[in-house]
Amino acid sequence: MVFPMVLLRLGEWLLCQLLANSCYRAAMKMKTYGFIFRNSCHRSPQQPPSFPSLTKCCLEGRSSQTLVCDLHRTLLRTKSFFPYFMLVAFEGGSLVRAVLLLLSYPLLWVLDYEFRLKLMVFISFSGLRLKDVENVSRAVLPKFYLENLNLHAYEVLASTRTRVFFTSVPRVMVESFLKEYLSASDVIGTELHTVGCYYTGFLSGSGLLVKHRALNEYFGEKKPDIGLGSSSFHDHLFISLCKEAYVVNKEDGKSSNGAACSIMPREKYPKPLVFHDGRLAFLPTPLSTLYMFMWLPLGITLAVFRLLVGIFLPYKLVLNLGGWSGVKIRVKGCKPPSKNPKKGVLYVCTHRTLLDPVFLSTALNKPLTAVTYSLSKMSEIIAPIKTVRLTRDRKQDGETMQRLLSEGDLVVCPEGTTCREPYLLRFSSLFAELADDIVPVAINAQVSMFYGTTASGLKCLDPIFFLMNPKPVYYVHVLEKVPRELTCAGGIPSCDVANRIQNQLGEALGFECTTLTRRDKYMILAGNDGVVQVKAKKT
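Described in the following lines is the structure provided in the data block. (Residues numbered from 1 in each chain as written. Predicted model: local features only at pLDDT ≥ 70, side-chain atom pairs only at ≥ 80, totals over all residues. Heavy atoms only, no water.)

Here the focus is the sheet that holds strand β1 (residues 66–69). Judged by pairing direction, the sheet is parallel, and its five strands sit side by side in the order β3-β2-β1-β6-β7 without closing on themselves. Unpaired on one side and paired on the other, β3 (186–190) and β7 (244–247) mark the two borders of the sheet. For this sheet, the mean inter-axis angle between neighbouring strands, taken without regard to orientation, is 15°. With four bridges connecting them, β1 and strand β2 (residues 162–170) associate as parallel partners. (Pairing = 2+ DSSP bridges. Helix = DSSP H or I, 4+ residues; strand = E, 2+ residues; numbered from the N terminus. Axes fitted to C-alpha atoms, helices over the stretch in contact; angles between N-to-C directions.)

In a disulfide, the sulfur atoms of two cysteines are covalently bonded to one another. Under the criterion given, the structure shown has zero disulfides. The cysteine Cys242 is free of any disulfide, with Cys69 supplying the nearest cysteine sulfur at 9.8 Å. Look at Cys242 and you get buried, because its relative accessible area is 6%. (Disulfide = S-S within 2.5 Å. Buried < 20%, exposed > 50% of the residue type's maximum accessible area, 1.4 Å probe, protein only.)

When you line up the elements, Asp437 lands in the loop between β13 (423–424) and β14 (438–446). Sequence-wise, Asp437 and Thr487 are 50 residues apart; in three dimensions their C-alpha atoms are separated by 8.7 Å. A polar contact of 2.7 Å, which involves the side chain of Asp437, links it to the side chain of Lys481. (Polar contact = N/O pair within 3.5 Å; in protein donor to acceptor, adjacent residues only side chain to side chain.)

Attention now goes to helix α20 (residues 518–525). All of the buried residues in α20 are Arg518, Lys521, Tyr522 and Leu525. Looking straight down α20, one finds its buried side chains confined to an arc of 90°; they lie on one side. Buried residues in α20 make contact with α7 (130–139). Where α20 terminates, the next one or two residues include Gly527, which has phi positive at roughly 75°. (Arc of directions from axis to C-beta. Contact = heavy atoms within 4.5 Å.)

Attention shifts here to the side chain of Ser288. Within the secondary structure, Ser288 sits in helix α13 (residues 286–312). Here the side chain of Ser288 touches Leu283 through a polar contact of 3.1 Å, landing on its backbone oxygen. Once you skip the residues sitting within four places of it in the chain, Ser288 turns out to touch Phe282 and Leu283.

Okay, the packing of aromatic side chains next. Considering all chains together, one arrives at 20 aromatic pairs under this definition. Between Phe305 and Trp324, the aromatic rings sit 6.0 Å apart at their centres with planes inclined by 70°, giving edge-to-face as the arrangement. With Phe305 in helix α13 and Trp324 in helix α14 (residues 315–324), this residue pair connects regions lying 19 residues apart in the sequence. According to the relative accessible area criterion, Phe305 is partly exposed, its value standing at 31%. (Phe/Tyr/Trp six-rings, centres within 6.5 Å; stacked < 30°, edge-to-face > 60°.)

Turning next to the packing of helix α3 (residues 82–93) against helix α6 (residues 113–125). At a closest axis distance of 8 Å, the pairing of α3 and α6 adopts a crossing angle of 20°. For the element pair α3 / α6, the angle class is roughly parallel. Both α3 and α6 take part in a crossing whose hand is right-handed. For the pair α3 and α6, contact is made by Phe82, Phe85, Val88 and Ala89 and by Leu117, Met120, Val121, Ser124 and Phe125, respectively. For the contact of α3 with α6, the residue count by class is eight nonpolar, one polar and no charged. (Parallel < 35°, antiparallel > 145°, perpendicular 65-115°, else oblique. Left-handed = near helix turned anticlockwise from the far one by under 90°. Nonpolar A, V, L, I, M, F, W, Y, C, P; charged D, E, K, R; others polar.)

This next bit is on the pairing of strand β11 (residues 386–389). Where strand β10 (residues 369–372) meets β11, four bridges bridge the pair, whose relative direction is parallel. Within the sheet, the bridge partner assigned to Ala370 lies in β11 and is Thr387. One crossover worth recording links β10 to the parallel β11 by way of helix α16 (residues 377–382), and it is right-handed. (Right-handed = clockwise from strand over helix to strand, strands pointing away.)

Put into structure tokens, the structure is as follows:
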């Protein structure tokens with residue numbers, strides 16, 4: 001009983017301290033703002049702002065200059081950093097941690113910026129392993145940062161040579177993205193306290209970073225050429241130490257007709273976003289996160305219902321009941337070729353989720369066998385079609401696929417792993433050496449809430465997360481059968497056959513073909529080659 005009482009007393013004391021400080025700071029702000037307002041009444045309404053707008057910055061002749069700015073409130077269009085702390089809490093922590101952060105949001109409204117940031121850091125980071133946070137920073141956050149980059153601010157940034165970032169948010173949350181995608185020369189941010197390989201949730205001894213002081217310490221008497229900041233008082237202090245200073249205004253991001261013109265289009269990304277991890281498919285703002293938690297009970301129930309329908313009911317009923325429950329399957333293309341009595345047809349598919357062969361089988365209204373490199377025992381048990389594991393031994397896998405083709409039609413995903421973005425990974429040429437009857441199938445999946453794939457999470461939950469989406473969509477486009485003269489039987493090398501089919505599927509989907517492989521994906525997202533070592537059983 002003593003320990004819970006101590007925790008309770010400690011919590012009460014912390015709450016009192018936070019509220020007392022917040023009320024005092026709020027009163028002081030009101031007093032200051034009242035003084036400013038009274039004085040502003042005597043000023044001329046025509047007085048220009050202290051610093052020009054970002055849109056007035058000339059981009060020419062800056063290839064040798066140094067720029068300083070912050071990611072928060074300057075490069076990002078989102079003014080609140082709450083969604084990015086929620087991503088750390090949900091993807092790096094747990095569902096419970098994410099709920100606690102959401103419940104703290106009303107309190108965050110009362111607190112000033114410094115205490116608000118400290119509270120979000122404590123809830124999001126307390127007890128997390130350093131490795132988990134680094135994974136989130138490297139594999140999850142970059143997607144959301146890129147989608148919310150301010151185009152105008154990035155164009156100014158890209159015109160300079162040296163880019164130094166100063167930020168009051170934890171450095172570990174932004175450094176990987178800034179150096180990997182924005183070619184940052186250095187990142188100075190708030191440091192977090194750690195014990196062993198865990199975060200305590202508190203700031204280090206240096207405390208919250210004060211940007212204008214950090215800039216003075218970093219550059220000394222030398223002034224950087226350009227400074228970008230927001231309209232806040234602290235940012236004005238920060239950019240006033242630069243030779244040129246520009247402010248990112250909210251109005252600058254809109255065109256004359258009110259449409260947003262500062263959104264960064266995908267083709268202008270500083271670096272292509274091919275791989276990313278995490279379960280959340282949306283930016284978790286407070287309102288959207290609340291919707292997600294309200295949806296979860298119904299989503300889990302709906303996922304179980306959809307799963308049972310797919311396992312036990314015939315194909316026609318699956319299409320009807322699946323559509324009624326919100327799952328959309330859009331089928332396009334040619335009818336499957338007539339079955340060869342001696343050998344089955346090889347369907348070569350793009351790989352978006354583990355459910356690709358299942359949706360293809362449902363769309364074609366016929367049973368198929370799927371081969372896969374990595375499939376959890378759970379997914380293997382609940383699969384409504386026959387699945388066979390491959391070993392990554394080329395000779396053994398070739399013999400296995402030959403045997404399965406002699407028994408019936410076969411589905412293969414030669415990319416070897418899934419990709420969420422509009423890119424196709426390199427195709428393995430093994431399939432081209434095994435069959436003459438090859439049918440390419442362009443498959444794509446769209447989700448709005450949860451991704452049905454993961455590189456570092458539990459793969460056994462991939463189908464459940466996909467089916468938990470309110471209205472998941474699957475596109476199945478069956479292309480023409482590859483002419484025999486364009487296969488290995490016609491004397492074409494297997495690599496050329498694989499590359500041609502990859503290009504054909506890329507054109508059908510509007511995707512870009514790459515030479516990236518499964519190994520590249522897992523090295524980027526999880527820091528390993530994606531191969532699970534199976535321990536030999538003791539005899």
